[in-house]
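# Architecture and fold: a report
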Amino acid sequence: MCGITGWVDFSRDLTTESSTLDTMVRTLIRRGPDAGGGWLDTHAALGHRRLAIIDPEGGVQPMATPERGPRGDLPRAVISYGGEIYNYRELRGELALHGHRFTTSSDTEVVLRGYLQWGADVVHRLNGMYSLALWDTAREELLLVRDRLGVKPLYYHPIPQGVLFGSEPKAILANPLVKPSASAEELCDALLFLRTPGRVPFRGMRELKPGHLLRVGRDGLREERYWALEARPHTDSLPTTIATVRELLDDIVPRQMVADVPLVALLSGGLDSSTVTALAQRVRAAEGERLSTFAVDFTGHSENFRSDPIRPTPDGPYARAVAEHVGSAHHTITLDRAGLLDPAVRRTVLAAWDLPFNFADLDISLHQLFAAVREHAPVALSGEGADEVFGGYLWFSDPAARAAETFPWLELGAHRGLDPRALFRPWFVEGIDLATYQADLYRSALAEVPRLEGEDPEERRTRELGYLTLTRWLPILLDKKDRMGMANGLEGRVPFCDHRLVEYLFNVPWAMKNCTGQEKGLLREAAADLLPRSVLRRTKAAYPSIQDSAYDRGLIAGLATAAVGNNAPLAAYLDPEAVHRLTDKTATGTLSEFERILLESTVRLGDWLRTYGVDLDLDPDRLTLQGANR
């Protein structure tokens, strides 16, 4: 997996900046606990922290070509790369036919030599999750690349004569050229429950968009898109579609199990993770081994489980049923309230994110689960992406969400108490113009959706919802999985995010995706021979959340820190009456899950502003005037 960082600056000699590069690299040590290194040239510096998964002995980075550049004293190209290329063995064979010779068994060397053979067009041949930085000494050009779905993160910050970059914002912030700051626009990004491709709540910082590459040369920065979803007629029959989905999964899961270290699977007992687990166990069984699987639970959760529309059933019995059915060695990681409220753990989670996004206790519990899993293996398969590609979310079928002229999950959330504006003073909400900003983001996103001429209006709307979900909702889930995993040195692999599967399913009609009359019916049919009947018929249940009112009461101290006092960065902007109402509901144990997310989000935003010393460029007097003029 690894972490990458670096610096290109055509106005200075970076060979004198080794200590700054080392500082940037050290911020990523959790992403790469096994090794670290750096490479410097006059105008380029590449850094790397390694989590050794493939060829632990040979894949040391940054990796340079033995071929020399035009000056003779430098390698032709140098790479710092994080992620996994699942088809690297096939590419290695193809490159060997072109005369390339290899000195390691790593996928890193395959990418490097692929660049020598095909230039930047090598990206079209890669199947995997990756972020990479490649310095071409002959062209004096930096190439930054991010995988098609954005499974692996990559951020950059333009500077007058170059760029800073890193797998996480903290690597960029470690460079003295950058000071953390935010204006009203960045604050809007922080408040909304969506990820807009390219945007980051730090002013001046950018996220390299999924499926894009960035060229950095003496003439400036140029971002290019190399992959995008396309609208095409779906001509396959339902039986052929089911068979095609299964064939793709039969190829994808074994590919994503390639590793020279132990690999496990996350198993919730839901359809998605159960399907991945069943296919992975088949691979292990053919090797005469058992797959280890892991699930999360909370103290007293199963015994005192309360059903709700989001979680109609507890995970535990279903996860155990799948493990017994497929023959995996199953483990349940049980967490308690004290661990989830531990201030040290919560600081670690914020430091892993670097950003003010969060999913309430789900962030914390996922971090704790991954910490336990990492004691067994550094690689874990999971089921992220299935709801996005198969249409598993409520908003695909809910009439109000389908009709909403905004992002459908924001519409549903608002009806359930998840309004990011609820705790803030009206003049502040009006002053930053959050409503207009959200509407503009929605219009821009909708304009990107590929169209199919003559498509039925309802089918067109389903396509729009699918595109919005894949490009504005899935990224924050992938970020969560990446940050919580890599904070523990755990690589997460997501078979449902294979671009071939995503491309195919993007064009499958809704009637086929919902062919059984139940959400993700197409996946249920494709996995029908793999899973017990109880799991095949189980209604979707969200990732488990702790059901403990005492946990909610433990959050109040955090809200007080964000809301009151001279050092509370949000004190001037929060509405005391709204905060008091939420505090009362928390004290009486009547807080809904969506209100909990709102509470935790406000606490996280305050913690983020304070911890990172963000210079918040907001004038309360000016905001009041702006709000009054609207």
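Structure's up top.
We now turn to the structure provided with this report. (Residues numbered from 1 in each chain as written. Predicted model: local features only at pLDDT ≥ 70, side-chain atom pairs only at ≥ 80, totals over all residues. Heavy atoms only, no water.)

The sheet built from six strands is open, its strands ordered β4-β5-β6-β7-β12-β13 with antiparallel pairing. Each end of this open sheet is capped by a strand with a single partner; those strands are β4 (63-64) and β13 (220-225). Here β4 pairs with strand β5 (residues 77-85) via two bridges, running antiparallel. If you follow M63 over to β5, its bridge partner there is I79. (Pairing = 2+ DSSP bridges. Helix = DSSP H or I, 4+ residues; strand = E, 2+ residues; numbered from the N terminus.)

It is worth spelling out the side chain of K513 at this point. Within the fold, K513 resides in helix α19 (residues 510-513). Among buried charged residues, K513 stands out as having no salt bridge; its nearest opposite-charge side chain is E459, 7.1 Å away. Only 2.9 Å separates the side chain of K513 from the backbone oxygen of L505, close enough to count as a polar contact. With residues near it in sequence (within four places) discarded, K513 still touches V389, F390, L505, V508, K520, G521 and L522. (Buried < 20%, exposed > 50% of the residue type's maximum accessible area, 1.4 Å probe, protein only. Lys, Arg positive; Asp, Glu negative; His and termini not counted. Salt bridge = Lys/Arg side-chain N within 4 Å of Asp/Glu carboxyl O. Polar contact = N/O pair within 3.5 Å; in protein donor to acceptor, adjacent residues only side chain to side chain. Contact = heavy atoms within 4.5 Å.)

This part takes up the nonpolar core. Counting residues in hydrophobic clusters, the biggest one holds 100 residues, and the most contacted among them are F202, F407, F424, F428 and L605. Here L605 is in contact with L187, A190, L191, P356, F424 and L570, once residues within four sequence places are set aside. Counting 86 residues, the second-largest nonpolar core is a separate cluster that includes L91, L267, V276 and A295. (Core = buried A, V, L, I, M, F, W, Y, C linked by side-chain atoms within 4.5 Å.)

What follows covers the side chain of H234. Mapped onto the elements, H234 comes out in the loop between β13 and α6 (238-255). Here the side chain of H234 touches T241 through a polar contact of 2.8 Å, side chain to side chain. In contact with H234, not counting residues within four places along its chain, are T241, Y504, N507, V508, P509 and M512.

The next point concerns helix α10 (residues 343-353). Listing the buried residues of α10 in full gives V345, R346, V349, L350, A352 and W353. Angularly, the buried residues of α10 cover 160 degrees about the axis, an arc narrow enough to put them on a single face. The N-capping residue of α10, defined by a side-chain oxygen 2.9 Å from the backbone nitrogen of A344, is D342. (Arc of directions from axis to C-beta.)

Another point: the sheet that holds strand β14 (residues 263-266). Sheets are built from strands that pair by backbone hydrogen bonding, the pairs being arranged parallel or antiparallel. Strand order in the open sheet formed by five strands is β16-β15-β14-β17-β18, and the pairing between neighbours is parallel. Each edge of the open sheet carries a strand with a single partner, namely β16 (329-335) and β18 (491-493). Direction aside, the axes of adjacent strands within the sheet are offset by 30 degrees on average. In this sheet, β18 lies alongside strand β17 (residues 379-381) in parallel orientation, the contact comprising three bridges. For L381, the partnering residue across the bridge sits in β18 and is R493. Those strands touched by helix α7 (residues 271-286) are β14, β15 (292-298) and β17, and its axis lies near 155 degrees from that of β14. (Axes fitted to C-alpha atoms, helices over the stretch in contact; angles between N-to-C directions.)

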